[in-house]
Amino acid sequence: MRKLSLYDLISLGVLILIAIFSAARFNYLPQFIDGYYHLSVANGFIKSGGWTGWAWWDFAPFGRPHLYPPLYHFILAFLIKSGLSGLNALRLTEVIIVPFFFFFLWFVSRKLIDDKFAFLNLFITSSFFAFYSSVSANVPASLAIIFGLLSWFFLKVKRGLSSVIFMSLCFYTHAGIPWLFFASLLFLAISNREYRKLSLKIAVMSIFLFMPFFIHELKYVKFIHLATLRESRFISFNLIALFCALISIYLNRRNRNFSVLLFLGYLSMSLLVFIKYPYRFFSSQGFLALAFFSSLFLLTISRFFSKWQKLFLFSISLYLFFVNAAFDMTEGKIKFDIFNSTFYKLVTTRVYDDITFESVFSEKFYTPIIKIIRQNTSANDIIYSNVIIADQIFASLSDRPSSVSMLREVQPKNNVIYQDYAKLIILLKPISGKDMLLLKGKKLNLIFENDIAYIFLNKDIAPKELVKAASFKFIYIYLIVLSILLLLFYDNIRIKKPKNA
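The model shown is predicted, which means the values in this text are computed figures rather than measured ones.

The rules behind these values
Residues numbered from 1 in each chain as written. Predicted model: local features only at pLDDT ≥ 70, side-chain atom pairs only at ≥ 80, totals over all residues. Heavy atoms only, no water. Buried < 20%, exposed > 50% of the residue type's maximum accessible area, 1.4 Å probe, protein only. Helix = DSSP H or I, 4+ residues; strand = E, 2+ residues; numbered from the N terminus. Pairing = 2+ DSSP bridges. Salt bridge = Lys/Arg side-chain N within 4 Å of Asp/Glu carboxyl O. 1 Å grid on protein atoms, 1.4 Å probe; cavity = no way out; pocket = protein on both sides within 12 Å on 5 of 7 lines; lining within 4 Å. Points joined across faces, edges and corners; volume = space filled by probe spheres on them. Polar contact = N/O pair within 3.5 Å; in protein donor to acceptor, adjacent residues only side chain to side chain. Contact = heavy atoms within 4.5 Å.

Engineer: Where do I start with the pairing of strand β4 (residues 234–238) in this structure?
Structural biologist: Residues in a regular strand project their side chains so that they alternate between the two faces of the sheet. In terms of burial, β4 is largely enclosed, as four of its five residues are buried. Where β4 meets strand β5 (residues 326–330), five bridges bridge the pair, whose relative direction is antiparallel. Following the sheet pairing, Ile235 is matched in β5 by Met329.

Engineer: Even after reading the chapter, I still don't get the pattern of salt bridges, so can you show me in this structure?
Structural biologist: A side chain with one charge may pair with a side chain of the opposite charge, provided their charged atoms come close. A full pass over the atoms with the stated rule returns eight salt bridges. In this structure, the salt-bridge partner of Lys345 is Asp337, at a minimum N-O distance of 3.2 Å.

Engineer: What should I look at first to understand empty space enclosed by the protein in this one?
Structural biologist: Once rolled over the atoms, a probe with the size of a water molecule shows which space is left empty. For the coordinates displayed, the defined rule picks out four cavities of 30 Å³ or more. If you add up the space inside the largest cavity, you get close to 80 Å³. Residue lining of the largest cavity: 15 residues in total, with Ser40, Trp57, Ala395, Arg400 and Pro401 positioned closest to the centre. Of all the secondary-structure elements, those providing two or more residues to the lining of the largest cavity are α2 (34–48) and α18 (388–398). Ranked by the residues each element gives to the lining of the largest cavity, the list is headed by α2, at four residues.

Engineer: How do you make sense of the side chain of Asp337 when you look at a structure like this?
Structural biologist: Position of Asp337 among the secondary structure elements: in strand β6 (residues 333–337). Taking relative accessible area as the criterion, Asp337 reaches 6% and is therefore assigned buried. Within the structure, Asp337 has its side chain in polar contact with the backbone nitrogen of Phe339 (distance 3.4 Å). A polar contact is formed between the side chain of Asp337 and the side chain of Lys345, at a distance of 3.2 Å. Not counting residues up to four positions away in its chain, the partners in contact with Asp337 are Ala325, Ala326, Asp328, Lys345 and Arg350.

That is the geometry; function is a separate question.
Below you can see the structure in the form of structure tokens.
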């Protein structure tokens, strides 16, 4: 490893600060509602004894296809089986992912170009509050990016086996992110002779290893219904990154450099994958491409300053650390936020002014409800709530199947009134006329009420055997993990023979 420079030392200081801020939020997490969906999946896997392709715990009792790549769910399942509560398993992964993400982003950026580029890239990404927030909120996507970056790194140093392993892990972690890295391999293969064969081999082998799950997804493709998410009404536009990236993309459009081709591939596929999700392009995972090119442009400009290069780079980093102005769109209304920097907002506690950084979990109101659910239902009893987000929280934290679920992109099997099969009905206040119709004709007992909800028990509903046996048991998953570790160890300790040997 090359000697640490001043830029490296400052970067490591920022990474330590990120780790401290992340750990300090442990009790406030989970940050985003998606975590509760992932926890329900992990609970389902544990009951099934491994991976199952049918989500019997969603839209119970009929279920729907389970099409989400499973690696994050295996991690949660392992943590829960190790003794952590589901809530703390979620919290731990959301705490750890943030410093891990920015460390690997810095590490790989340094290896791809140099310490100054990594320094700039770390400041641009970590100081952009919307992007920082998304790293914690979307753990599978952030984990997939880490795997993709490591695949780039091992490609760069020509360790093909390791690159294939991390590219395959990327595919088994998230549905969209792997294709951004896959496209980068194709861009490299088309325009770079030195890495053409190796990048093609990695692309082909990773697709081959992903094929079993891809075939499973194709089998149920008719259940998929893509929809514009509400997150698209909360977009942040980073001014310096957008301005610098646009110029940089134009200047590098014909550049055949190894790293630039990877960035161009990532950018091009980001535009395609996130065409229905503008938030994800401008404020989340797609922003990484803009940060790459923005960092490249600022690094190029700094070289014109000759002996004043350090002053220029440190001035940019100070602006990003304390200011980093952006345009924020909330519910369709745009406002100019001068002090948009993550670090400024964390120190001043302004982070909680942003809806995307607020926790949806309420210890005061939700814990008593979860306790009542556990006391009045068995493991297979179905629950229902009139608010989908609350339903997902209650189902995941009480470890019960539910009549509804999030991830509405995958439709249920049957068009029926699923809540008719629920043993417990949790109605959050105020109750609407539609909710009253739901109660009509059922023999229900009101067993609990607090400031936010009524809980009704349906005594006519008997427990059902819902659990589907695993198609791929945990023992096989453990063996795969062990095999991966051994292959990575082998690939990175063996001495490569010279080509002419």
